[in-house]
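Observations on chain architecture
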Amino acid sequence: MELIQNTSDLSAYLAADGVVDHHHPLVRETAARLAKGVADSYAYARAAYEFVRDTIPHSADSGDLRVTWRASTVLEQRTGICYAKAHALAALLRAEDIPTALCYQRLAHDDGSGHAVHGLVAVRFNGAWHRQDPRGNKAGVDAQFSLDGERLAWIPDPKSNEVDYSVLYAEPHPVVLGVLKAAPDRPYLWKTLPTAL
């Protein structure tokens, strides 16, 4: 699949905003701690990915009812769904000048009751984008950081109307951000998750 930037301006994938707030002191402090002792930007990207994947539980796995969406809040509260964790990882990567995009998949619910949009990131190294899934591993999910072939949590099945969206966004998709901001808790969020983009 060819990944397509939604803007040709590569600097947009390094920008800070109200969601990917890598100017925030907690994001900067976390990035600096992760950067200590790593050999290069590749090693840093892997360290940041594994930090978000492994130390910030996906709120559905942990049973946490809080809804987070701003990167600094995800790091502070140590919880979030896929979108929130993608925002946190994007902030940590951009804090160290690694171009990072937000991207999405449309996946079927495990029980077959419909679809939901799933959030990922893509990092740019050596002139190419590489998608990564910081959702968090569990039984049946083994996502890994990789610049040599994707190691995502899920591979969409077109027969189930699942989709890999090819667009790389510099900012969170407005539909995704809207449902996150409107949700008072995760049970409400689960009922309002976007089914497509």
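So, here is what we can say about the structure in this document. In this convention, every chain numbers its residues from 1, walking through the sequence in written order. Local features in a predicted model are, by the rule used here, given only for residues with pLDDT of at least 70; side-chain atom pairs are given and counted only at 80 or more, and totals for whole chains, interfaces and linings are based on all residues. To get the side-chain values, all heavy atoms of the structure are used, and hydrogens and water are removed first.

What about the sheet that holds strand E4 (residues 128-132)?
Taking strand neighbours across the sheet as the criterion, the four strands line up as E4-E3-E2-E5 in an open arrangement whose pairing is antiparallel. If you trace the sheet from one side to the other, it starts and ends with E4 and strand E5 (163-164), each paired once. For two strands to be treated as a pair, DSSP must find at least two bridges joining them. By definition, any uninterrupted DSSP run of H or I lasting at least four residues is a helix, any uninterrupted run of E lasting at least two residues is a strand, and each is numbered from the N terminus. Of the pairings in the sheet, the one linking strand E2 (residues 100-108) to E5 comprises two bridges and is antiparallel in character. Residue pairing in the sheet places Gln105 in a bridge with Asp164 of E5.

Description of the nonpolar core
To qualify as a nonpolar core, a set must consist of buried Ala, Val, Leu, Ile, Met, Phe, Trp, Tyr and Cys residues joined through side-chain atoms within 4.5 Å. The rule is simple: take the accessible area with a 1.4 Å probe, protein chains only, and divide by the maximum for that residue type; under 20% is buried, over 50% is exposed, in between is partly exposed. Judged by nonpolar contacts, the single largest core of 50 residues is most densely connected at Tyr44, Tyr83, Leu92, Leu93, Tyr104, Leu180 and Leu189. Where this core is concerned, the elements lending two or more residues are helix H1 (25-35), helix H2 (41-55), helix H4 (71-77), helix H5 (82-95), E2, strand E3 (115-125) and helix H6 (174-182). Take this core: its biggest share by element is eleven residues, from H5. We call two residues in contact when some of their heavy atoms are within 4.5 Å. Residue contacts for Leu180: discarding those within four places in its chain leaves Val67, Thr68, Trp69, Ile81, Tyr83, His87 and Leu189. Grouped together as the second largest cluster of nonpolar side chains are eleven residues, Ala101, Cys103, Trp129 and Leu152 included.

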